[in-house]
Structure formats: C-alpha cells, structure tokens
Amino acid sequence: MELGVIGLGRMGRIVVDRVLDAGHEVIAYDVSPEATAAAAELGATPADSVADLCDRLPEPKRIWLMVPAGDPVDETLAELEPHLTDRDVVVDGGNSHFEASVRRAESTDAAYLDCGTSGGPAGAELGFSLMVGGPESAYEELSPAFDAVATGPEGHDRMGESGSGHYVKMIHNGVEYALMQAYGEGFELLHEGRYDLDLEAVARTWNNGAVIRSWLLELCEEAFREEGSDLGDVADHVAGGSTGTWTVQESLEQEVPLPLIYTALSERFGSRADARFSRRLANRLRYGFGRHEVARRDS
C-alpha cells in the first residue's frame, strides 16, 4: 500500500514510522518543511504541498490526515478537494467533533473515515487503539494501514457509520477524565492522611495484581518516582477539556447522567483558580500519556 500522510507532528510521525515498518510506502507532507524532512529521514517520500502529495500517490488515493481538529481539517480538505474522486479514501485521525466528521463525510467526494486515536506517544512502540467510523468498504480497504498503526488487528475496529469513530473516542476521553480524577482523589487522601507514605511504592504495589491496576496507575508510579511523593513543583493546572465538554454536552442531549465525568471536567476547569493535589497529579498524568507540557509552580 502507498499511503499519503498529511500532518507530521508527534502523532503523525508515529503513523508514518509504523506504516513504513510494516513494509508500506508513505508520501508525507506537513506545512513545516522541517517536519517533512524529519519524515523523509524515517524513509517517507517527501512532498512539498498537498497537490504534490496527491500527484505522487497512485489511484485510488489513500490519505491519512493527522492535523489539529477544527479549521485545519477543513482547510486541508479544501486543498484536497480538486484532487479527490469517489474512489479515494481519506482518514481523519485527529480529535474532531463527531458532528463535524458527519458533515465532512457528506461533503467530501472521497470515502471519509473518522478515526479516533488513543495511545499517545507510547503508540510509537506499542501501537494505537483506533476507533473508526465510515463506510465498511473503505475501512476494509485501509485495514492493512490500520493493522500497522494500531497494536495489530485487535487494536482497531469499525464502530459504525460516519461520526461513530470520533463519537466513541469522545466518550473514551470522558472516561479518561473520570479515571484520572479518581486516582487523583485517592492519592490526595493518601498524601494528606494519617501516614507518611511513599506514593511511588503505593502505586507500584497496586500495579502488581490489585483490582485498580492500569496504565494510568503506572503513570502515577512514574510521576511519583520522577517528581517525589509531594509532586515537587508540578502546578495545579490541568489543561485540555474540549472532548470532556463535548461528552457532557452529549449526555445532556441524550439525558444520560454522567456525574463522575461532569465532576472531573468541573475539577479540570476549577484547577485554573484553586489548588488541589489531585489536580496536580492529573497535570502530571497528562504528560505521562500524551507528553503534554507540565505546568510548573513558580519557585
């Protein structure tokens, strides 16, 4: 398979690297010439524009977008539009809102697959979890690429019609908020409680056989090992919030109560005003799974 990849940031580079490692060919483009050159060093064929990328791809074209959600997706699709036919397939691997994905699927000549992507930078070695929405025939056609980018055939599936992939990923992120909040509150009580505890040791012990073991808990262990049980100068400021907001909005529309996710979202917004240990841990956990910048307190 020859795959065009547009958007060569942290996650886009992982897509390129894993597709190449699986023996496929990649034509790569990014608005940053430096990012395009870095992809070329991995073995991809560099393109100097969206049009150039399309010219280099065989028919039918298979294109994977890894650009930021929102306007950049629409702007990229507008550039692609003159080069697409109904035989082509476009994958949106970013965190787009599911309703935007439905709109794009309806307005794009190519088959459009909305692909929720989870796993963060760890996916470079392990592979991602991919939640895909859109036409089944297009999904089957791109399965070799999904096998390469995901943890394998079990790491991806078609969730349903257009929008469903990003819908499932949106709710996945809401669950992530609640899990981070639960770990944060538990460790806050341990930190402020009756005993002088080594929280790295607590997390390590829980990670070996306990009911609540998980990758997020492994990241708690990493955070306490690197920052100390008091989390050093990690600030009480948790960034992000869009996918959690979308999840809560959907719960209101569907009249499905999500008290844990709503509370976690509220705590995230509250972190921009008050100070809590639980939110400092959430701040550090976002670095663990996504290599998001850690806000630090002033010395």
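Use the structure listed above.
The structure contained in this document is the topic of the report that follows. Just so we're clear, the structure is a prediction, and the values are computed from it rather than from any experiment.

All right, on to the overall build of the protein then. Secondary structure summary: the protein contains 14 helices and eight strands in total. By the compact-globule yardstick of 19 Å for 299 residues, the protein fits well, its C-alpha radius of gyration being 21 Å. Viewed in the frame of its principal axes, the protein has a C-alpha envelope of about 65 × 45 × 40 Å. Relative to all contacts within the protein whose residues are 6 or more apart in sequence, the contacts with residues 24 or more apart total 65%. Working note: accessible area of the protein is about 14,100 Å², and carbon and sulfur atoms make up 50% of it. For the protein, the distance from the average position of its 25 positive side-chain charges to the average position of its 53 negative side-chain charges is 6 Å.

Time to look at helix H12 (residues 242-254). For H12, which comprises 13 residues, the first-to-last C-alpha distance of 18 Å matches the rise-based estimate of 18 Å (1.5 Å per residue) to within 8%. Turning to H12, the residues buried within the fold contact helix H5 (98-107), helix H9 (164-192) and helix H13 (259-270). Just beyond H12, the residue with positive phi is glutamate 255, at close to 55°.

We now examine the pattern of salt bridges. For the structure shown, the criterion picks out 18 salt bridges. Residue arginine 204 pairs with glutamate 200 through a salt bridge whose shortest N-O separation is 3.8 Å. Remark: glutamate 200 and arginine 204 occur in helix H10 (residues 199-207); sequence separation between them is four residues, near one turn of the helix. With relative accessibility at 38%, the residue arginine 204 sits in the partly exposed group. A relative accessible area of 19% means that glutamate 200 is categorised as buried.

Within the secondary structure, leucine 216 is located in helix H11 (residues 215-227). Remark: the alpha-carbon pair of leucine 216 and tryptophan 246, spanning 30 residues in sequence, is separated by 22 Å. Those residues in contact with leucine 216, other than ones at most four positions away along the chain, are Leu179, Met180, Tyr183, Leu285 and Phe289.

Here we take up the layout of surface pockets. Looking at the largest pocket, its volume works out to about 1,100 Å³. Mapped by element, the contributors of at least two residues to the lining of the largest pocket are helix H1 (10-21), helix H4 (71-80), strand S6 (111-118), H9, H11, H12 and helix H14 (277-290). By residue number, the principal contributor to the lining of the largest pocket is H9, which donates five residues. The residue makeup of the lining of the largest pocket, split by class, is 16 nonpolar, 19 polar and eight charged. Reported here for the second largest pocket is a volume of approximately 160 Å³. Lining the second largest pocket, in full, are Asp74, Leu77, Ala78, Glu81, Leu84, Arg103, Arg104, Ser107, Thr108 and Asp109.

As a further point, take the packing of aromatic side chains. Under the definition given, this model contains six aromatic pairs. Summarising the aromatic geometry, the rings of phenylalanine 187 and phenylalanine 224 are spaced 5.0 Å apart at their centres and angled 55° between planes, so their arrangement reads as tilted. In this pair, phenylalanine 187 is assigned in helix H9 and phenylalanine 224 in helix H11, connecting sequence segments 37 residues apart. By relative accessible area, which is 2% here, phenylalanine 224 ends up buried. Through a chain of ring-to-ring contacts, three or more aromatic side chains come together here, namely Phe187, Trp206, Phe224 and Phe277. Over the ring of tyrosine 177 we find arginine 268, and its NZ or CZ is 3.8 Å from the ring centre. Over the aromatic face of tyrosine 287 sits the side chain of arginine 291, whose NZ or CZ is 4.4 Å from the ring centroid.

Inspection of every chain in the model, using the stated rule, returns one cavity of 30 Å³ or more. Considered as a void within the structure, the largest cavity measures approximately 70 Å³ in volume. In terms of lining residues, the largest cavity is bounded by Tyr177, Met180, Gln181, Val238, Ala264, Glu267, Arg268, Arg279 and Ala282. Counting residues per element, the ones that place at least two in the lining of the largest cavity are H9, H13 and H14.

Reading the values: the criteria
- Residues numbered from 1 in each chain as written.
- Predicted model: local features only at pLDDT ≥ 70, side-chain atom pairs only at ≥ 80, totals over all residues.
- Heavy atoms only, no water.
- Helix = DSSP H or I, 4+ residues; strand = E, 2+ residues; numbered from the N terminus.
- Rg over C-alpha atoms; globule rule 2.2 N^0.38 Å.
- Contact = heavy atoms within 4.5 Å.
- Areas by Shrake-Rupley, 256 points an atom, 1.4 Å probe, with all protein chains shown as cover.
- Lys, Arg positive; Asp, Glu negative; His and termini not counted.
- Charge placed at Lys NZ, Arg CZ, Asp CG, Glu CD.
- Expected span 1.5 Å × (residues − 1).
- Salt bridge = Lys/Arg side-chain N within 4 Å of Asp/Glu carboxyl O.
- Buried < 20%, exposed > 50% of the residue type's maximum accessible area, 1.4 Å probe, protein only.
- 1 Å grid on protein atoms, 1.4 Å probe; cavity = no way out; pocket = protein on both sides within 12 Å on 5 of 7 lines; lining within 4 Å.
- Points joined across faces, edges and corners; volume = space filled by probe spheres on them.
- Nonpolar A, V, L, I, M, F, W, Y, C, P; charged D, E, K, R; others polar.
- Phe/Tyr/Trp six-rings, centres within 6.5 Å; stacked < 30°, edge-to-face > 60°.
- Lys NZ or Arg CZ within 6 Å of the ring centre and 35° of its normal.

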